[in-house]
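Per-entry structural report
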Amino acid sequence: MDIDYLLTTSDPVAVQDLFDEAARLRDEVYGRRIFIRGLIEITNHCRNNCLYCGIRRDVKTQRYRLSKEQILDCCRTGHALGFRTFVLQGGEDAWFTDDVVCDIVSAIKGEFPDCAVTLSLGERGRESFTRLREAGADRYLLRHETADANHYAHLHPAEMSFEHRMQCLHDLRDLGFQVGAGFMVGSPGQTLETLKKDLDFIADFRPEMVGIGPFIPAAGTPFEKHPAGSVELTLRLLAIIRILHPHVLLPATTALGTLHPQGRERAINAGANVVMPNLSPQDTRALYSIYNNKLSTHSEAAETVADTRARLKAIGFDIPVDRGDFSKLKIEN
Ligand code: 5AD
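Residues numbered from 1 in each chain as written. Predicted model: local features only at pLDDT ≥ 70, side-chain atom pairs only at ≥ 80, totals over all residues. Heavy atoms only, no water.

Once that is clear, we can look at the packing of aromatic side chains. Scanning all chains against the criterion turns up seven aromatic pairs. Taking 4.9 Å as the distance between ring centres and 80 degrees as the angle between the ring planes, the aromatic pair formed by tryptophan 95 and phenylalanine 96 counts as edge-to-face. Residue phenylalanine 96 is classed as buried on the basis of its relative accessible area of 3%. Among the aromatic residues, those joined into a cluster by ring pairs are Phe129, Tyr140 and Phe177. (Phe/Tyr/Trp six-rings, centres within 6.5 Å; stacked < 30°, edge-to-face > 60°. Buried < 20%, exposed > 50% of the residue type's maximum accessible area, 1.4 Å probe, protein only.)

Take a look at the structure:
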């Protein structure tokens, strides 16, 4: 695969062929099935100051955190809607100690033994990850953000390190989590070279999940004036990632849906096979504003999953009531 060519060509036939090949491989591994995950944004407190992020420490915004009971209520709503994976996502919030998170994870696994629990709570130590895994967490999402150390330093304050982020991903893998990595498309300082390093990293580490979406400027951040990333380039990268790693679980991200009304459908036609509608309490959705105009209504709201199911059915896809685990099936490729 000539990645430079596919990322830069203006030939629409070559791009369509790329999308078709990615969709074909997705169908071969997972069938025409799109998995859903209920996203519960448990806290927007964050001790970090990532330069791109709308909930970074220095942004003056209303902060909230959900209680265990609120989180369980979200899961109850989600379970009734057919969700069998719950993703607990949040900023790096010291209030969510290992004891607190383990208690919540055990409660979810106790009440919903047929469900997978995914955590997305940022960097923690190996001992912490060990406890979370023992409490029953199945998966962990931690985007690597960029596989280039200099680019990483351009996006993050000096107290954060590329090495520690990569260490976390390796620890998570060792501990038996299904691991999610990923990056933004069009983040400040990104080049064709850094993107190729991201693709090399994915082809080599083979994360079970890869979350990629366009960078979108966030008010009150150092990058608030930087232009958003390209939807078109994001779709090509999704397709390339599917071809490099056919078994990957690849979400059509909210950022893509925010920038383009058909973003989610276009991602699916380029090889994506996961959607993650918002299952947070209605009154906190607007507060989890990691970037401007982030969608949490209509197609991004968990409550409208029946509508999503009908729309996807019309283009030949099912949304199974299923955990949607990483497939270990072998295919020829
Ligand atoms: N635009 C797009 N994505 C963002 N993220 C954080 N800030 C932004 C932004 N401004 C992504 C990061 C992070 C994930 C939770 O959201 O990649 O890992």
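A few words on the side chain of threonine 234. In this structure, threonine 234 sits in helix α9 (residues 231-244). Here threonine 234 falls in the buried class, since its relative accessible area comes to 0%. Within the local environment of threonine 234, its side chain forms a polar contact with the backbone oxygen of serine 230, the two atoms lying 2.7 Å apart. Apart from the residues within four sequence positions on either side, threonine 234 is in contact with Val185, Ile212, Gly213, Pro214 and Leu256. (Helix = DSSP H or I, 4+ residues; strand = E, 2+ residues; numbered from the N terminus. Polar contact = N/O pair within 3.5 Å; in protein donor to acceptor, adjacent residues only side chain to side chain. Contact = heavy atoms within 4.5 Å.)

Glancing now at the pattern of salt bridges. A full pass over the atoms with the stated rule returns 34 salt bridges. With a closest N to O distance of 2.8 Å, arginine 76 and glutamate 111 form a salt bridge. With arginine 76 in helix α3 (residues 68-81) and glutamate 111 in helix α4 (residues 98-111), this residue pair connects regions lying 35 residues apart in the sequence. Ionic pairing is found between glutamate 193 and lysine 196, a salt bridge with its closest N-O pair at 3.8 Å. Taken as a pair, glutamate 193 and lysine 196 lie in helix α8 (residues 192-205) at a separation of three residues, close to a single helical turn. The exposure class of glutamate 193 is exposed, given its relative accessible area of 52%. Judged by its relative accessible area of 22%, lysine 196 is partly exposed. Residues participating in the shared-partner salt-bridge network are Lys109, Asp138, Arg139, Arg323 and Asp325. (Salt bridge = Lys/Arg side-chain N within 4 Å of Asp/Glu carboxyl O.)

This part is about the pairing of strand β6 (residues 178-185). Along β6, eight of the eight residues are buried, which leaves the element largely enclosed by surrounding structure. Looking at chain direction, strand β5 (residues 139-141) and β6 are connected through three bridges and run parallel. Paired with leucine 141 across the two strands is glycine 180, which belongs to β6. Summarising the sheet, β6 and strand β7 (residues 209-214) pair through six bridges and their orientation is parallel. The residue of β7 that forms the bridge with glycine 182 is glycine 211. For the handedness criterion, the β-α-β arrangement of β6, α8 and β7 is classed as right-handed. (Pairing = 2+ DSSP bridges. Right-handed = clockwise from strand over helix to strand, strands pointing away.)

Our next topic: the site of the ligand. Around the ligand lies a shell formed by Tyr52, Cys53, Arg143, Glu145, Met184, Pro214, Phe215, Ile216, Ile290 and Tyr291. Between the ligand and tyrosine 52, the relevant distance is 3.0 Å, taken from a nitrogen atom to a main-chain nitrogen or oxygen of the residue. Arginine 143 is positioned such that a nitrogen or oxygen atom in its side chain is 2.9 Å from an oxygen atom of the ligand. Within the complex, the protein chains bury 87% of what would otherwise be the 400 Å² of accessible surface of the ligand. Residue composition of the shell around the ligand, by class: eight nonpolar, no polar and two charged. (Near = heavy atom within 4 Å. Areas by Shrake-Rupley, 256 points an atom, 1.4 Å probe, with all protein chains shown as cover. Nonpolar A, V, L, I, M, F, W, Y, C, P; charged D, E, K, R; others polar.)

Geometry only, nothing functional implied.
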